[in-house]
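Coordinate analysis (summary)
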Amino acid sequence: MKLYFTRHGKTEWNQERRFQGMNGDSPLLPASHEEIHLLGQCLKDVPFEAIYASPSKRASDTAKGIQQELAQFAEIIYDENLREMGYGELEGQKIDDMYEKYGEDLINLRYHLDRYDPSAFRGEETQAMLTRMTQAIDTAIAAHEGPILFVGHGASLTAAIRHLIGKPLAELRSEGGLLNNSLTILEAKEQQPHQLLLWNDVHFLEQDQ
């Protein structure tokens, strides 16, 4: 079974360089809708059995946009466990301002999740995020036989995918983070690790340039 993953379209807070996280949210940029259309066209003929999405509006709107492009209807199933990593008191704050206050912690969030400690701003711990993300993906795999699409968020999806292919905590960010509206594909095995087939691909968005 193939597992398809995409990060939501770019939002106003992405553009403003603000933390969104588990509970923070902002609208998609107008240009994002065209990119979602292009991603949907790229996926048009994949016979998805279901689309699993974070209930955050930015992910929900992305999932609905992709759904409209598919040749075969696929139900959207929302799962709270697919939400973005929780950033606690950082959510809604400007990233540059928070780097001045929590520089080491945020560098570790971006590059070294094995050293990341979010306690200073009451954020979610990495292992807690991985546990819920893995639970959501495993539950979806158990419920289907055909391909599944997951629509989620940059930090939580990046870490979860790398975890699913057997990478240790120290290497979950070694290939950088997922781009907005990018496509990653895994081949699900009976037991983890799963096989990485495609990582962070955005070639189909070049039509929009």
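Residues numbered from 1 in each chain as written. Predicted model: local features only at pLDDT ≥ 70, side-chain atom pairs only at ≥ 80, totals over all residues. Heavy atoms only, no water.

1. Describing the pairing of strand β1 (residues 2-7)
With five of six residues buried, β1 lies mostly within the body of the structure. Note that β1 and strand β5 (residues 183-187) share four bridges and pair antiparallel. Bridge assignment links Lys2 to a residue of β5, and that residue is Glu187. Of the pairings in the sheet, the one linking β1 to strand β4 (residues 148-152) comprises five bridges and is parallel in character. The partner of Thr6 across the bridge, within β4, is Val151. (Buried < 20%, exposed > 50% of the residue type's maximum accessible area, 1.4 Å probe, protein only. Helix = DSSP H or I, 4+ residues; strand = E, 2+ residues; numbered from the N terminus. Pairing = 2+ DSSP bridges.)

2. Things to note about the pattern of salt bridges
Any two side chains of opposite charge can pair if their charged atoms end up close together. The final tally for this structure, using the stated rule, is eight salt bridges. Here Asp61 and Lys57 are joined by a salt bridge, their closest N and O atoms 2.6 Å apart. Of this pair, Asp61 and Lys57 both sit in helix α3 (residues 57-69), four residues apart, roughly one helical turn. In this structure Asp61 comes out as partly exposed when scored by relative accessible area, which is 23%. Note that Arg132 is salt-bridged to Glu124, the shortest N-O span being 2.8 Å. Looking at Glu124, the relative accessible area reads 13%, which means it is buried. (Salt bridge = Lys/Arg side-chain N within 4 Å of Asp/Glu carboxyl O.)

3. Comments concerning the sheet that holds strand β6 (residues 195-201)
Across the sheet, which stays open at both edges, the six strands sit in the order β3-β2-β4-β1-β5-β6 with mixed pairing between neighbours. Each end of this open sheet is capped by a strand with a single partner; those strands are β3 (76-78) and β6. Across the sheet, the axes of successive neighbouring strands diverge by a mean angle of 20°, strand direction being ignored. Along the sheet, helix α5 (residues 126-143) contacts β1, β2 (50-53) and β4; its crossing angle with β4, the most-contacted strand, is approximately 160°. On the sheet, helix α6 (residues 154-164) packs against β1, β4, β5 and β6 and is oriented at approximately 155° with respect to β1. (Axes fitted to C-alpha atoms, helices over the stretch in contact; angles between N-to-C directions. Contact = heavy atoms within 4.5 Å.)

4. Remarks on the pairing of β4
Across the five residues that make up β4, a large majority, five, are buried. The alternating pattern of β4 places Ile148, Phe150 and Gly152 on one face and Leu149 and Val151 on the opposite face, and all of these are buried. Of the pairings in the sheet, the one linking β2 to β4 comprises four bridges and is parallel in character. Bridge pairing links Ala53 to Val151 in β4.

5. Quick look at the packing of aromatic side chains
Under the defined criterion, the tally for this structure stands at six aromatic pairs. Arranged with centres 5.4 Å apart and planes meeting at 65°, the rings of Phe19 and Tyr87 form a pair that is edge-to-face. One end of the pair, Phe19, is in the loop between α1 (12-16) and α2 (30-42); the other, Tyr87, is in the loop between β3 and α4 (95-111), and 68 residues separate them in sequence. Looking at Phe19, the relative accessible area reads 8%, which means it is buried. (Phe/Tyr/Trp six-rings, centres within 6.5 Å; stacked < 30°, edge-to-face > 60°.)

6. Thoughts on the side chain of Ser56
Here Ser56 lies in the loop between β2 and α3. With relative accessibility at 3%, the residue Ser56 sits in the buried group. Those residues in contact with Ser56 that lie beyond four places of it in its chain are Met22, Asp25, Arg83 and His153.

7. Some remarks on α5
With 18 residues, α5 should cover 26 Å at 1.5 Å per step; its first-to-last C-alpha distance of 26 Å lies within 8% of that length. Of the positions making up α5, those classed as buried are Thr126, Met129, Leu130, Arg132, Met133, Thr134, Ala136, Ile137, Ala140 and Ile141. Those residues of α5 hidden inside the fold are in contact with β1, β2, β4 and α6. (Expected span 1.5 Å × (residues − 1).)

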